[in-house]
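# Fold and geometry: a report
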Amino acid sequence: MKDVGIVAVGGYEEVGRNMTAIRAGKDIVIMDMGVRLDRIQIHEETEMEKMHSLDLIQMGAIPDDKVMNNVDGNVLGIVCSHGHLDHIGAVPKLAHRYSAPVIGTPFTAELIKQEIESERKFDVANKVHALPCGEVMELSKNITIEMIRVQHSIIDCAFVAVHTPSGTVLYACDFKIDRTPVIGEVPDFKRLKEIGREGVLAMITESTNVGRSGKTPSEAVARDLVWDALLGTEEAESGVLVTTFSSHIARLKSVIDAAEKMGRVPVLLGSSMERYYGTALKMGFVEKPDNLRIFGYRKSINKEFKRIMEDGKEKYLPIVTGHQGEPGAILGRIGSGDVDYRLETGDKVIFSANVIPNQLNQANRYSLETKLRMRGARIYDNVHVSGHAYKEDHWELLRMVKPEHVIPAHGTLEMHSAYAEMAEDTGYEFGETIHILRNGQELSL
């Protein structure tokens, strides 16, 4: 019987910069290497690809992996659960320190390759492997990893089951229990119940929205909300803009489908829109409508805005970056009057996104909305459903997987405490079978 260790590297005191190491004997697998975006946004002109990892660690923007120096063993693999930057964004900064492959589902692996290609400071030679959901990969006689399909606000998302001689450790960060997804299949409940019966030693799971009661509405509900906001407007002559997460392919599909019903041309604007949606198109996750237009470069975006104004705003549905009020994003530039697209009284701006709950985002978003309103825009706020599990989804997952131990991650101490309370309701005991970790701590099981 080999001991199993869980090392909390990052993401245990905040939402962001996620990184966890799982050790079976002397074999180690790392889960996720993410950034904390609000720490980077504070510095307006941060070009992360040119920065040194030590500076980013000091800013609190990426995990401080020095703790790994004290962990006895070899890292055999770096596994990323999905393609959001708070889970893959630090791969170009930290992966080269470990002689191990980086593994993710096909869409995630493709995004990781793009992150590595744009890196300017470090030479990242780690191989990137695509491991589809439902498949397993043996890293050593102690560790086999398995990708299990789940739903979240990005496509091709997975739970990672780390099978060890002492039992399975399930890494279950970022999910929602969605039985009517817009893209992809429902979560693999059958496999989750099976590994529950086979025996799960520990489950590491996100705690972001566990404080919210009930269950997270399905992405199909978000599609209805978006369609209702877009199609339920009578005076169709006005300009309409939509902003949402560029990585949320299912949401973008719903907006593009609505444009067709409105008889408008959908136009995706912004470099991240081009990157994520372009990758999803290339890999066959979505099909391209004939009239869809996509522009990522500043010059071509400005040119397209000119064209929209000449043709008539009522013929187009621009889908733009900037829902958090990020400096330099397209919507902010429209609000500041830096592009040819002119807002007029009665034009609609639909935010198909929530404000990410930190003070910087809230301040940026407030400033953006004020600018838009000053130009006469009507704001439709929070036309959105979350990609994170609410309390009852967490309860359901615990009952399905029945882990011996549970460790909340991906959140603040307040979120972890809310998780612990929920887990106590299902019969777990704080300090015995529920463990709250801080960044830099190791738990031995």
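Our subject is the structure that appears above.
Thresholds, definitions, all that
Residues numbered from 1 in each chain as written. Predicted model: local features only at pLDDT ≥ 70, side-chain atom pairs only at ≥ 80, totals over all residues. Heavy atoms only, no water. Buried < 20%, exposed > 50% of the residue type's maximum accessible area, 1.4 Å probe, protein only. Helix = DSSP H or I, 4+ residues; strand = E, 2+ residues; numbered from the N terminus. Pairing = 2+ DSSP bridges. 1 Å grid on protein atoms, 1.4 Å probe; cavity = no way out; pocket = protein on both sides within 12 Å on 5 of 7 lines; lining within 4 Å. Points joined across faces, edges and corners; volume = space filled by probe spheres on them. Nonpolar A, V, L, I, M, F, W, Y, C, P; charged D, E, K, R; others polar. Expected span 1.5 Å × (residues − 1). Salt bridge = Lys/Arg side-chain N within 4 Å of Asp/Glu carboxyl O. Core = buried A, V, L, I, M, F, W, Y, C linked by side-chain atoms within 4.5 Å. Contact = heavy atoms within 4.5 Å.

## Description of the pairing of strand 12 (residues 240-244)
For strand 12, a buried count of five out of five residues is recorded, marking the element as mostly surrounded by other parts of the structure. Of the two faces of strand 12, the one holding Val240, Val242 and Thr244 and the one holding Leu241 and Thr243 are both buried throughout. With two bridges connecting them, strand 12 and strand 15 (residues 316-320) associate as parallel partners. Bridge pairing links Thr243 to Val320 in strand 15.

## A closer look at the layout of surface pockets
A volume near 230 Å³ is recorded for the second largest pocket. The wall of the second largest pocket is formed by 14 residues, among which Arg149, Asp156, Gly184, Glu185 and Phe285 lie closest to the centre. Class assignment of the residues belonging to the lining of the second largest pocket gives a composition of nine nonpolar, two polar and three charged.

## Focus: helix 8 (residues 249-262)
Look at helix 8: 20 Å from first C-alpha to last across 14 residues, which is about the 20 Å you get at 1.5 Å a residue. Gly263 lies just past helix 8 and shows a positive phi near 70 degrees.

## Here's the deal with the pattern of salt bridges
By the definition in use, this model includes 27 salt bridges. Among the ionic pairs, Arg438 bridges to Glu13, the shortest N-O distance being 4.0 Å. With Arg438 in the loop between helix 14 (413-425) and strand 19 (442-444) and Glu13 in the loop between strand 1 (4-10) and strand 2 (19-24), this pair connects stretches of sequence that are 425 residues apart. Note that Glu14 is salt-bridged to Arg17, the shortest N-O span being 2.8 Å. In this pair, the class of Glu14 matches that of Arg17, namely buried.

## A closer look at empty space enclosed by the protein
Counted by the stated rule, this structure contains two cavities of 30 Å³ or more. Within this model, the largest cavity holds a volume of roughly 90 Å³. Around the largest cavity, the lining comprises 16 residues; the ones closest to its centre are Gln151, His152, Glu219, His248 and Ala250. Along the walls of the second largest cavity sit Val150, Phe159, Phe175, Lys176, Ile177, Pro187, Phe189, Leu192 and Leu397, which together make up its complete lining. In the lining of the second largest cavity, the residues fall into eight nonpolar, no polar and one charged.

## A few points about the nonpolar core
Ile30, Met33, Met68, Tyr98, Leu230 and Ile249 are the most contacted members of the largest nonpolar core, which totals 65 residues. At seven residues, helix 8 tops the list of elements feeding residues into this core. Non-local contacts of Leu230, meaning those with residues more than four positions away in its chain, are made with Val240, Val242, Val255, Ala258, Met262, Leu317 and Ile350. In terms of nonpolar packing, the next biggest core, distinct from the first, is built from 29 residues, Leu131, Ile143, Ile145 and Ala409 among them.

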